[in-house]
Amino acid sequence: PDVTNFAGFPYGSTSLTGNHTITPGAYRYLNPKGGKTITFSGTGIYVFKEIDVEGNDNVFRFDFKNDPNGKIILYVHDDVEIYKLRTEIVNGGSAARIYTEVHGNGSYCSDRSSAFRHENGTSGSSNGQWLGTVWAPNGNIYLSFGPSNSSYKGALWSGRQIILGGNLKLEFVPLAPDAPQDIIPQ
């Protein structure tokens, strides 16, 4: 797939650690630390330096605002590391309209090789979920979930490896065919 040129999408200076409702724009760190809800309010592009979700019972809520053709796009300059996370879609939309592109090489993740790492573990909340297409051109994608209620709906692309482990339910949901060509890896 083509790699998006992030030079036109710089990250911002705001770091998010608590409950937040955010709109398309540029942020630095997305780092909820347990029991927090991040609402992506509206379709468009959200840019981050890094996403690191810690602790139990965090929620990412994707609010499409009833936009039938809109996409929620996450561009991450470095790595994504997620532990306990539940995902929700409200007001329209689907996993086919969520796209995440991660340009890290794993240097910020605990395994030092995964650009996108989602490990649910076995303690605390047993829910582990992600929705949408993930494209990681420079590092691995690693998914390993705990004992139950863990699911992934979307598509995975890696420039290196996709590593699956644990009790994981996968459902292939391709990116919507009407997505603009600049966000569909070819």
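Structure: above.
Throughout this description, residue numbers start from 1 for each chain and increase along the sequence as written. Given that the model is predicted, a residue must reach a pLDDT of at least 70 before its local features are reported, and side-chain atom pairs must reach 80 or more before they are shown or counted; all residues, however, enter totals for whole chains, interfaces and linings. As a rule here, side-chain values come from all non-hydrogen atoms in the structure, and water together with hydrogens is ignored.

### Observations regarding the pattern of salt bridges
Phase 1: A pairing counts as a salt bridge when a side-chain nitrogen of Lys or Arg comes within 4 Å of a carboxyl oxygen of Asp or Glu. Within the structure shown, the criterion is met by eight salt bridges.
Phase 2: With a closest N to O distance of 3.6 Å, Lys65 and Asp63 form a salt bridge.
Phase 3: Since its relative accessible area comes to 48%, Lys65 is described here as partly exposed.
Phase 4: With its nearest N and O atoms 3.4 Å apart, the salt bridge here joins Arg117 to Glu81. Pair noted here: Arg117 is in strand S12 (residues 114-119) and Glu81 is in strand S9 (residues 80-82), with a separation of 36 residues, a long-range link.
Phase 5: When its relative accessible area of 9% is taken as the criterion, Arg117 is described as buried.
Phase 6: Among the residues examined, Glu81 registers a relative accessible area of 7% and is labelled buried.
Phase 7: Counted as one network, the salt bridges with shared partners bring together Glu81, Asp111, Arg117 and Glu119. When a residue's accessible area, from a 1.4 Å probe over protein chains only, is under 20% of the maximum for its type it is buried; when over 50% it is exposed; and in between it is partly exposed. Helix numbers and strand numbers start at the N terminus; a helix is a DSSP run of H or I with at least 4 residues, a strand a run of E with at least 2.

### Examining unusual backbone geometry
Phase 1: In this structure, Asn66 takes a positive phi of about 60° despite not being glycine.
Phase 2: Tracing the chain through its elements places Asn66 in the loop between strand S7 (58-63) and strand S8 (72-76).

### Things to note about the environment of Asn58
Phase 1: Its place among the elements puts Asn58 in strand S7.
Phase 2: With 26 residues separating them along the chain, Asn58 and Lys84 place their C-alpha atoms 6.3 Å apart.
Phase 3: Whether two residues are in contact is decided by their heavy atoms, any of which lying within 4.5 Å being enough. In contact with Asn58, not counting residues within four places along its chain, are Pro32, Lys33, Gly34, Gly35, Lys36, Val53, Lys84, Leu85 and Arg86.
Phase 4: There is a polar contact of 3.2 Å between the side chain of Asn58 and the backbone nitrogen of Lys36. By the criterion applied in these results, polar contacts are pairs of N or O atoms within 3.5 Å in which, for protein atoms, one can donate a hydrogen and the other can accept it, and in which residues neighboring in sequence qualify only through two side-chain atoms.

### Details of the packing of aromatic side chains
Ring pairs (aromatic) are described by centroid distance and by the angle formed between their planes.
Phase 1: Stacked, edge-to-face and tilted labels apply to pairs of Phe, Tyr and Trp rings (six-membered ring for Trp) whose centres lie within 6.5 Å, assigned for plane angles under 30 degrees, over 60, and everything in between, in that order. Within this structure, the stated rule accounts for 10 aromatic pairs.
Phase 2: Pairing Phe9 with Tyr75 gives two aromatic rings, centres 4.9 Å apart and planes at 65°, and the pair type is edge-to-face. Here the residue Phe9 occupies a position in the segment before strand S1 (20-22), and Tyr75 occupies one in strand S8, the gap between them amounting to 66 residues.
Phase 3: Using a relative accessible area of 24% as the deciding quantity, one classes Phe9 as partly exposed.
Phase 4: Centre to centre, the rings of Phe62 and Trp130 are 6.4 Å apart; their planes meet at 90°, and the pair counts as edge-to-face. Here Phe62 is found in strand S7, whereas its partner Trp130 is found in strand S13 (residues 128-136), with 68 residues between them in sequence. Neither Phe62 nor Trp130 differs from the other in exposure class; each is buried.
Phase 5: Cation over ring: Arg117 sits above Tyr142, and NZ or CZ is 4.2 Å from the ring centre. Definition used: whenever NZ (Lys) or CZ (Arg) falls within 6 Å of the ring centre and also within 35 degrees of the ring normal, the charge is taken to sit over that ring.

### Let's talk about the sheet that holds strand S3 (residues 29-30)
Phase 1: A pair of strands is considered paired only if DSSP assigns at least 2 bridges between the two. The strand order S3-S6-S9-S12-S14-S16 describes an open sheet built from six strands, whose pairing is parallel. Of all the strands in the sheet, just S3 and strand S16 (162-166) have a single pairing partner and so form its edges.
Phase 2: In terms of strand pairing, S12 meets strand S14 (residues 140-145) through five bridges, oriented parallel. Note on S14: the bridge partner recorded for Ser114 is Asn140.

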